[in-house]
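# Close look at the chain arrangement
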Amino acid sequence: MRTTNRLFSPRLWRDTRGAELVELAFMLPFLCVLLIGIIWMGRAFNIWETLNRAAREGARVATTRSCASCGSTIPTVASVENAVVNSLTASSINQSNVTIPAGCTGNLSSKICYQRDVVLNSGSSANDQESGAIVSLSYAVSFPVPLTSGGGVRWHLGSITLTAQAQMREEN
């Protein structure tokens, strides 16, 4: 009786049943990493847009006078910060990650940098120059690893700091 080794059978090497399953096993981790990266970048872009909207809201409050009969009263740093924080709260952004951007020189609060009477354009004469307010803030975004919250500790791959700045012209 003749015994043949089935492993070296030419018919076995030509059989392609199950090859798709092996290919899927190799490609599935790469596809998952790609999908998670797309979700993370989408969330970071969403947060960046929200920060820009909050900075614009703060700059809007900074350039408007509080009332017509009050004269030339300017908004306080606290009122500008409240406008920014209210805008972030409406979008469910954690205010504990909001910080003052590095290198900011102006009226600092606990979360934002607020600058008034800043020359926005350099005109040829003093009448051509426009002054305004600038509001800027930073936010640290971390990238958590999914399905790793065992034991109350969540793993993070890293973080980036997003900075938003808005400027508006003061109307006299």
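Residues numbered from 1 in each chain as written. Predicted model: local features only at pLDDT ≥ 70, side-chain atom pairs only at ≥ 80, totals over all residues. Heavy atoms only, no water.

### A closer look at the overall build of the chain
Counting its secondary structure elements, the chain contains three helices and five strands. Mapped in sequence order, the helices and strands of the chain form the string α-α-α-β-β-β-β-β. When the 172 residues of the chain are sorted by exposure, 28% land in the buried category. Entry remark: accessible area of the chain is about 11,900 Å², with carbon and sulfur atoms responsible for 58%. (Helix = DSSP H or I, 4+ residues; strand = E, 2+ residues; numbered from the N terminus. Buried < 20%, exposed > 50% of the residue type's maximum accessible area, 1.4 Å probe, protein only. Areas by Shrake-Rupley, 256 points an atom, 1.4 Å probe, with all protein chains shown as cover.)

### Structural notes on a nonpolar patch on the surface
Nonpolar side chains collect at one region of the surface, where L21, V22, L24, F26, M27, L28, F30, L31, L34 and I38 lie side by side and expose about 1,100 Å² of accessible area between them. Tracing the backbone shows L31 in helix α2 (residues 19-63). (Patch = residues over 30% accessible without salt bridge, like charges linked within 9 Å, V, L, I, M, F, W, Y side chains within 5 Å. Salt bridge = Lys/Arg side-chain N within 4 Å of Asp/Glu carboxyl O.)

### Details of the packing of α2 against helix α3 (residues 77-90)
Following both chains from N to C, one finds α2 and α3 inclined at 150°, their axes separated by 8 Å at the closest point. One finds that α2 runs roughly antiparallel with respect to α3. In this structure, α2 crosses over α3, and the sense of that crossing is right-handed. For the pair formed by α2 and α3, the contact residues are T50, L51, R53, A54, E57, G58, V61 and A62 on the first element and S79, V80, A83, V84, S87 and L88 on the second. Residue composition of the contact of α2 with α3, grouped by class: eight nonpolar, four polar and two charged. (Axes fitted to C-alpha atoms, helices over the stretch in contact; angles between N-to-C directions. Parallel < 35°, antiparallel > 145°, perpendicular 65-115°, else oblique. Left-handed = near helix turned anticlockwise from the far one by under 90°. Contact = heavy atoms within 4.5 Å. Nonpolar A, V, L, I, M, F, W, Y, C, P; charged D, E, K, R; others polar.)

### A word on the packing of aromatic side chains
Throughout the structure, instances matching the rule amount to one aromatic pair. The interplanar angle of 40° and the centroid separation of 5.8 Å between the aromatic rings of F45 and W48 together place this pair among those described as tilted. Of this pair, F45 and W48 both sit in helix α2, three residues apart, roughly one helical turn. (Phe/Tyr/Trp six-rings, centres within 6.5 Å; stacked < 30°, edge-to-face > 60°.)

### What about α3?
In a regular helix each residue adds 1.5 Å, so 14 residues correspond to 20 Å; α3 covers 20 Å between its end C-alpha atoms and thus fits that length. Within α3 the residues assigned to the buried category are V80, E81, A83, V84, S87 and L88. Down the axis of α3, the sector holding all buried residues measures 155°, keeping them to one side. Exposed residues lying more than 90 degrees from the buried face of α3 are N86 and A90. Buried residues in α3 make contact with α2, β1 (98-99), β3 (113-121) and β4 (130-144). Directly after α3, the chain includes S92, whose backbone phi takes a positive value near 60°. (Expected span 1.5 Å × (residues − 1). Arc of directions from axis to C-beta.)

### Quick look at the pairing of β3
Strand direction decides the pairing type here: strand β2 (residues 107-108) and β3, joined by two bridges, are antiparallel. Within the sheet, the bridge partner assigned to N107 lies in β3 and is Y114. The turn joining β2 and β3, which pair antiparallel and follow one another in sequence, is formed by four residues. Pairing of β3 with β4, which is carried by six bridges, proceeds in the antiparallel orientation. Across the sheet, the residue bridging to N121 is E130, located in β4. (Pairing = 2+ DSSP bridges.)

### A word on the nonpolar core
One finds L51, L88 and L137 to be the most contacted residues of the largest nonpolar core, which totals 25 residues. Here the element with the most residues in this core is α2; it accounts for eight residues. In this structure L88 touches T50, L51, A54, I93, Q95, V98 and L137, once residues within four positions along its chain are discounted. (Core = buried A, V, L, I, M, F, W, Y, C linked by side-chain atoms within 4.5 Å.)

### Let's talk about the confidence of the model for the chain
When the pLDDT values of the chain are averaged, the result is 80; 78% of them are 70 or greater. Across the chain, α2 holds the top mean pLDDT of 90, while helix α1 (residues 10-14) sits lowest at 65. (pLDDT = per-residue confidence, 0-100.)

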